[in-house]
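Chain residues, written in single-letter form:
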Amino acid sequence: MSPQEPSFEQRVWLVVDAIPYGNVASYGDIALLAGHPRAARQVGRILKSLPNTSLLPWHRVISQQGKISLPGSQGSKQIDALRKEGIDVTQAGKIDMKRYRWRP
DNA sequence: GGCATGACATTAG
DNA sequence: TCTAATGCCATGC
């Protein structure tokens, strides 16, 4: 029979869930680990579509430039959540990727 | 099957 | 450092 491979969406869930505490990953990395090196945009769309019941650490996913791509109150929440994990976030919402980037 | 959208990435100025 | 333009790809209508 034909085992239906998990959707890109579900792969993203798995990858995001694998990000360890105190580390962050970029959309491009998520897409890459999910099997689609250039589907970073879809990652953002998927995370946006996440149900509030999901326990995924989506706040550990940021842009490659170490900047929060989610403006508004949600962005502030993300920054706050990252700081609670020991990640240093500048006042401009900038993060040192060289230091916190997740290396599988 | 085609068109529009998007929590991005990269390059140029 | 910041802004603008271009590319790439899955999803939804």
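For the structure, see preceding data.
In this numbering scheme, every chain counts its residues from 1 along its sequence in written order. Ligands are numbered from 1 and chains lettered from A, in the order in which they are written. Whole-chain, interface and lining totals are the exception, using all residues; otherwise, since this is a predicted model, local features are given only for residues with pLDDT of at least 70 and side-chain atom pairs are given and counted only at 80 or more. By convention in this description, side-chain values take in all heavy atoms of the structure and omit both hydrogens and water.

A. Broad picture of the overall build of chain A. Labels follow the DSSP assignment, with helices taken as runs of H or I lasting at least four residues and strands as runs of E lasting at least two, numbered in each case from the N terminus. Across its full length, chain A carries five helices and two strands. Counted from the first residue to the last, chain A has its helices and strands arranged as α-β-α-α-β-α-α. The globule rule puts the C-alpha radius of gyration for 104 residues at 13 Å, and the 14 Å found for chain A is close to it. Here chain A holds 104 residues, and 38% of them are scored as buried. We call two residues in contact when some of their heavy atoms are within 4.5 Å. In chain A, of all internal contacts separated by at least 6 residues, the share reaching a separation of at least 24 is 59%. For chain A, the exposed area adds up to about 6,900 Å²; of that, 51% sits on carbon and sulfur atoms. The average position of the 15 basic charges and that of the 8 acidic charges among the side chains of chain A differ by 7 Å. Only the C-alpha atoms count toward the radius of gyration. The rule for a globule is 2.2 Å times the residue count to the power 0.38. Accessibility here uses a 1.4 Å probe with only protein chains present; expressed as a share of the type maximum, an area under 20% marks a residue as buried, one over 50% as exposed, and anything in between as partly exposed. In these tables, accessible area is a Shrake-Rupley quantity obtained with a 1.4 Å probe, and a residue counts as shielded only by the protein chains included in the view. Charge counting follows a simple rule: Lys and Arg are positive, Asp and Glu are negative, and His as well as the terminal groups are ignored. The atoms used to mark charge sites are NZ of Lys, CZ of Arg, CG of Asp and CD of Glu.

B. Spatial organisation of the protein's contact with DNA strand B. Lining the immediate surroundings of DNA strand B are 16 residues, of which R41, Q42, R45, K48 and W58 lie closest. The sugar-phosphate backbone supplies 46% of the atoms of DNA strand B found within 4 Å of the protein. Nitrogen and oxygen atoms within 3.5 Å of one another constitute a polar contact, given that in protein one can donate a hydrogen and the other can accept it, and given that sequence-neighbouring residues count only through two side-chain atoms. Residue Y27 places a side-chain N or O atom 3.0 Å away from a base nitrogen belonging to DNA strand B. K48 is positioned with one of its side-chain polar atoms (N or O) 2.4 Å from a phosphate oxygen of DNA strand B. Sorting the residues of the surface near DNA strand B by element identifies α2 (27-33) and α3 (40-48) as the ones contributing at least two each. Broken down by element, the residue count for the surface near DNA strand B peaks at seven residues, all from α3. Under the scheme applied here, ten amino acids are nonpolar (Ala, Val, Leu, Ile, Met, Phe, Trp, Tyr, Cys and Pro), four are charged (Asp, Glu, Lys and Arg), and all others, including Gly, are polar. Taken together, the residues of the surface near DNA strand B sort by class into five nonpolar, eight polar and three charged. A molecule or strand has a residue near it when one of that residue's heavy atoms lies within 4 Å.

C. Here's a closer look at the side chain of E85. Relative to the helices and strands, E85 resides in the loop between α4 (73-84) and α5 (97-100). A distance of 3.0 Å separates a polar atom in the side chain of E85 from a polar atom in the side chain of H59. Those residues in contact with E85, other than ones at most four positions away along the chain, are Y21, G22, H59 and R60.

D. Summary view of α3. What α3 keeps buried is the set V43, I46 and L47. Take α3 and look down its axis: the buried residues cluster within an arc of 95 degrees, on one side only. The exposed residues of α3 that point more than 90 degrees off its buried face are R41, R45 and K48. Contacts from the buried residues of α3 go to α1 (8-17), α2 and β2 (61-62). Comment: arc refers to directions from the helix axis out to C-beta atoms.

E. Representation of the packing of α1 against α3 within the structure. Here an angle of 0 to 180 degrees is reported between the N-to-C directions of two axes, which are lines fitted to C-alpha atoms, with helices fitted over the stretch in contact. Running from N to C, α1 and α3 point in directions that differ by 80 degrees, and their axes come no closer than 10 Å. When the axis of α1 is compared with that of α3, the two are roughly perpendicular. Judged by residue contacts, F8, E9, V12, W13 and V16 of α1 engage Q42, V43, I46 and L47 from α3. When an angle is under 35 degrees it counts as roughly parallel; over 145 it counts as roughly antiparallel; between 65 and 115 it counts as roughly perpendicular; any other value is oblique.

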